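Observations on chain architecture
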Amino acid sequence: VRSIDWRDDRIVLIDQTALPHELRTVEVTTVDGLVDAIVRLAVRGAPALGAAGALGVLVAVRQARREGWDADTLHAAIDRVRAARPTAVNLAWGVDRARTRLAEGAEAVEREARAVLAEDAEANRAIGERGADLVAELVGDKDAPNLSLHTHCNSGGLATVEWGTALGIVRTLHERGRRIEVFVDETRPLLQGSRLTAWELADLGVPYRLVVDGAGPGLIARGLVDAVVVGADRIAGNGDVVNKVGTYPLALAAARAGVPFVVAAPESTIDRNTPTGDEIELDTRDADEVLGWAGVRTAPPDADALNIAFDLTPADLVTAIVTERRVVRPAAGEKPG
Ligand code: MRU
């Protein structure tokens, strides 16, 4: 099952806010509906957002036809999709790719959007294979039982069109018969780890244990983790990596402990227009996500919060970036851009 797809005349996506308790889909036929799905993280994860961006252009074109929009209204609507989440570069990338076909008509936009989805599915398989080889190489002892990996947020099939990036590596290792245990951190405040990654790993039959976000660096320091594997929302030309907030402490701990820190992402996550991570805008979200849980206020009534959703891991802490085409080693001075 694809996390996001085009069926008949609409986007059909898995509503990731309802998981793990309910597997339901949302059908999107309007730009407003798509922006809402992106903002509330019904669809999320950089590669899945790339697909959403490309399909968003198709939704906009069809809505423009139905409602008789002029070109300015159409472009403004497409721009709203593009800007719905600034950090994950794949969203803008997907929009821009499909938008280049606008002048050729709706059918050409649809072909391009479908190509984005197909290529993402293919890229993820390649990342899984290359990443599995890389992790085996980095941890050295290929015959040791129970490879112990730590991951953050969700970089699985849900975060992509299908299969996954960092979790795709875990999946490939599992399929190869490697015995693995995964430490999955909760990923406050929206719990992509304990809700989504746990759900995916359970489905795949990969053993995992949940840990609170603050536990990760200590587990790494105690030698309980062989490698950290995470996805990325944007990678700068110099190899700086922006990913879900809480990634940077894992990278610091991994560097200090001499544990490989591996970032898995498609080439489309590498932003060649951004030389370093300092230029990347980090989304902030509603303070209420931090001040309470499930509609219940947990912080004092007058408390405020800075809900920064991403952090920046400098290139020198990144052992390797694995894409569908190559392995880049930023900590050794290689640059992906
Ligand atoms: O805010 P989210 O849930 O979209 O954040 C997602 C992540 O940080 C993922 O690690 C990243 O997008 C890579 S997904 C393959």
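The structure reproduced in this document is the subject of the present report. (Residues numbered from 1 in each chain as written. Predicted model: local features only at pLDDT ≥ 70, side-chain atom pairs only at ≥ 80, totals over all residues. Heavy atoms only, no water.)

**A closer look at the sheet that holds strand S10 (residues 261-264)**
Applied cut-off: Pairing between strands is defined by DSSP: at least two bridges between the two strands are required. Each helix corresponds to a stretch of at least 4 residues labelled H or I by DSSP, and each strand to a stretch of at least 2 residues labelled E; elements are numbered beginning at the N terminus. We call two residues contacting when some pair of their heavy atoms lies within 4.5 Å. Note on geometry: axes are C-alpha line fits, over the in-contact stretch for helices, and angles between N-to-C directions span 0 to 180 degrees.
Taken together, seven strands build an open sheet; the order of strands is S6-S5-S4-S7-S10-S17-S18 and the sheet is mixed. Bordering the open sheet on either side are strand S6 (208-211) and strand S18 (327-328), each of which pairs with just one other strand. Sheet topology places strand S4 (residues 147-151) next to strand S7 (residues 227-230); two bridges connect them, and they run parallel. Within S7, the position partnered with Leu149 by the bridge is Ala227. Along the sheet face, helix H5 (residues 106-139) touches S4, S7, S10, strand S17 (320-322) and S18 and points at about 155° away from the line of S17.

**A word on the sheet that holds strand S3 (residues 25-28)**
The strands that make up a sheet pair up through hydrogen bonds in the backbone, lying either parallel or antiparallel. Strands sit in the order S1-S2-S3 across an open sheet of three strands; the sheet is antiparallel. Each edge of the open sheet is held by one strand with a lone partner, namely strand S1 (4-7) and S3. For this sheet the average axis-to-axis angle between neighbouring strands, irrespective of direction, equals 25°. Contacts from helix H2 (residues 46-67) reach S1, strand S2 (10-14) and S3, with the element oriented near 25° to S1.

**As for the side chain of Thr172**
Checked against the element boundaries, Thr172 lands in helix H6 (residues 166-175). Here Thr172 is in contact with Gly128, Glu129, Ala132 and Trp163, once residues within four sequence places are set aside.

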